[in-house]
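What follows is the residue order along each chain.
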Amino acid sequence: MYRALIEDIFFEPEETEETTFPATDKDLLILTEKFLAFEIPSKIFLQAIAIADYDGAAAFRYVDNYLITLKNKNKRKQKKLLVLGASTKFDNN
């Protein structure tokens, strides 16, 4: 009993190995559909497919992270355009 308690206290979940599974055809279709709404370089798409060949979950994380970065970049561009538009209105007064 005492030994089991000590093993539980010092057990670190980071030491366990994660099992990875390749993406299924259905998963690849879902990945492709996620990219359809955006204009992306083919290199990014092929990288996602290559990752999916070994680890389906990692491929989805890769796609989600790329799309979040892309959306944030577009938001920053729109904010800069709004600021530039506002400053030119004041110059005309």
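Residues numbered from 1 in each chain as written. Predicted model: local features only at pLDDT ≥ 70, side-chain atom pairs only at ≥ 80, totals over all residues. Heavy atoms only, no water.

### Some thoughts on the packing of aromatic side chains
So, point 1. Evaluation of the coordinates by the stated rule reveals two aromatic pairs.
So, point 2. With centroids separated by 6.0 Å and ring planes inclined at 70°, the aromatic side chains of Phe 35 and Phe 45 adopt a geometry described as edge-to-face. Linking Phe 35 in helix α2 (residues 25-36) with Phe 45 in helix α3 (residues 42-54), this pair joins segments that are 10 residues apart in sequence.
So, point 3. A relative accessible area of 4% places Phe 35 in the buried class.
So, point 4. Joined through ring pairs, the aromatic side chains of Phe 35, Phe 45 and Tyr 66 make up one cluster. (Phe/Tyr/Trp six-rings, centres within 6.5 Å; stacked < 30°, edge-to-face > 60°. Helix = DSSP H or I, 4+ residues; strand = E, 2+ residues; numbered from the N terminus. Buried < 20%, exposed > 50% of the residue type's maximum accessible area, 1.4 Å probe, protein only.)

### Some thoughts on α3
So, point 1. Look at α3: 19 Å from first C-alpha to last across 13 residues, which is about the 18 Å you get at 1.5 Å a residue.
So, point 2. Residues of α3 that are buried: Ile 44, Ala 48 and Ala 52. Along the long axis of α3, the arc covered by the buried residues comes to 80°, so they all point the same way. Residues Ser 42, Lys 43, Leu 46, Asp 53 and Tyr 54 are exposed on α3 and point more than 90 degrees away from its buried face. (Expected span 1.5 Å × (residues − 1). Arc of directions from axis to C-beta.)

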